[in-house]
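# Survey of secondary and tertiary structure
Here are the chains, one letter per residue:
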Amino acid sequence: LHGADVFRWNTDKSYLLDLAAAGLVYVPTVLADDPVELRAAIGRSLPAVVKPRVGAGGAGIVLVHDSEAWLPVDEGPWVVQPLVSSVMDEGELSVFVMAGRPISQLRKVAMSMSPGSAAPRRAAWSSRLSTSVRYARAVFVDNPRSRPMC
């Protein structure tokens, strides 16, 4: 619906910084292009969630508790975020919008992970919605200040 430019923009998780610049509340996100930047970012966000900048479905996600002991298994680049505990307990909500109308939603719930391990696949459920945007996907998680974050 939006073309290759929008798809390309949304494929790299660095788009989260664009959303923050637009004033949306979001999970603090640091981009890391090399292992030195990665280790520094993890050290500021322990426990940290490390994700490939391009990826989906939980592939390559790692929960890190010790930035000195953990080594990345892929080449990067990565995003680093603090662990949002509600994602582990309650999950996150993705809302899909086409032609200005929310058409479905999906709650993704993380399965248990041991520190330093890759995230297993997530269980999910979906339901239909009705209302009026072209195509969009938004992911919401609860934060400690009781404000939804993208």
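Residues numbered from 1 in each chain as written. Predicted model: local features only at pLDDT ≥ 70, side-chain atom pairs only at ≥ 80, totals over all residues. Heavy atoms only, no water.

## Quick notes on the overall build of the protein chain
Our working rule: Think of it this way: any DSSP run of H or I at least four residues long counts as a helix, any run of E at least two long counts as a strand, and we number them from the N terminus. The cut-offs for exposure are 20% and 50% of the maximum accessible area for each residue type, with area from a 1.4 Å probe on protein chains only; residues under the lower value are buried, those over the upper are exposed, and the others partly exposed. Here the open area of atoms and residues is found with the Shrake-Rupley method and a 1.4 Å probe, where only the protein chains shown may cover a residue.
Scanning the protein chain from terminus to terminus reveals 4 helices and 8 strands. Across the protein chain, helices and strands are ordered from the amino to the carboxyl terminus as α-α-β-α-β-β-β-α-β-β-β-β. For the protein chain, with 150 residues in total, the buried portion stands at 33%. Carbon and sulfur atoms make up 58% of the accessible area of the protein chain, which amounts to about 8,900 Å² in all.

## What to know about the side chain of Arg53
Inspection of the secondary structure assignment puts Arg53 in the loop between β2 (48-52) and β3 (62-64). Classification of Arg53 by relative accessible area gives buried; the value is 12%.

## Here we look at unusual backbone geometry
Backbone torsion omega between Leu46 and Pro47 reads -10°, so that peptide bond is classified as cis. In this fold, Pro47 is placed in the loop between α3 (35-43) and β2. Residue Gly76 is joined to Pro77 through a cis peptide bond whose omega torsion reads 5°. For Pro77, the location among the structural elements is in the loop between β3 and β4 (78-82).

## Comments concerning the environment of Leu71
On the secondary structure map, Leu71 appears in the loop between β3 and β4. On the accessibility criterion, Leu71 (57% relative accessible area) is exposed.

## Describing the pattern of salt bridges
Convention followed: Every case where a carboxyl oxygen of Asp or Glu lies within 4 Å of a side-chain nitrogen of Lys or Arg is listed as a salt bridge.
According to the stated counting rule, one finds 2 salt bridges in the structure shown. Close ionic contact of Arg53 with Asp12 constitutes a salt bridge, the shortest N to O distance being 3.0 Å. Of the two residues, Arg53 sits in the loop between β2 and β3 while Asp12 sits in the loop between α1 (4-11) and α2 (15-21), which places them 41 residues apart along the sequence. When sorted by exposure, Arg53 lands in the same class as Asp12, which is buried. Salt-bridge contacts for Arg53 lead to Asp33; the nearest nitrogen and oxygen are separated by 3.0 Å. Taken together, the positions of Arg53 in the loop between β2 and β3 and Asp33 in the loop between β1 (30-32) and α3 put the pair 20 residues apart, joining distant regions of the chain. A residue is classified by how much of its surface remains accessible, and Asp33, at 49% relative accessible area, is partly exposed. Because the salt bridges share partners, they merge into one network encompassing Asp12, Asp33 and Arg53.

## Digging into α3
Let me state the cut-off plainly: What the arc describes is the spread of directions from the helix axis to the C-beta atoms. Only heavy atoms matter for contacts: two residues are in contact if any of them lie within 4.5 Å across the pair. Whenever a nitrogen or oxygen atom comes within 3.5 Å of another N or O atom, the pair is scored as a polar contact, on the condition that within protein one atom can donate a hydrogen and the other can accept it, and that pairs from neighbouring residues in sequence are kept only if both atoms are in side chains.
Listed in full, the buried residues belonging to α3 are Leu38, Ala41 and Ile42. Buried residues of α3 fall within an arc of 100° about the axis and therefore sit on the same side. The elements touched by buried residues of α3 are β1, β2, β3 and β4. The residue sitting at the N-terminus of α3 and contributing the capping side-chain oxygen is Asp34; that oxygen lies 2.9 Å from the backbone nitrogen of Val36.

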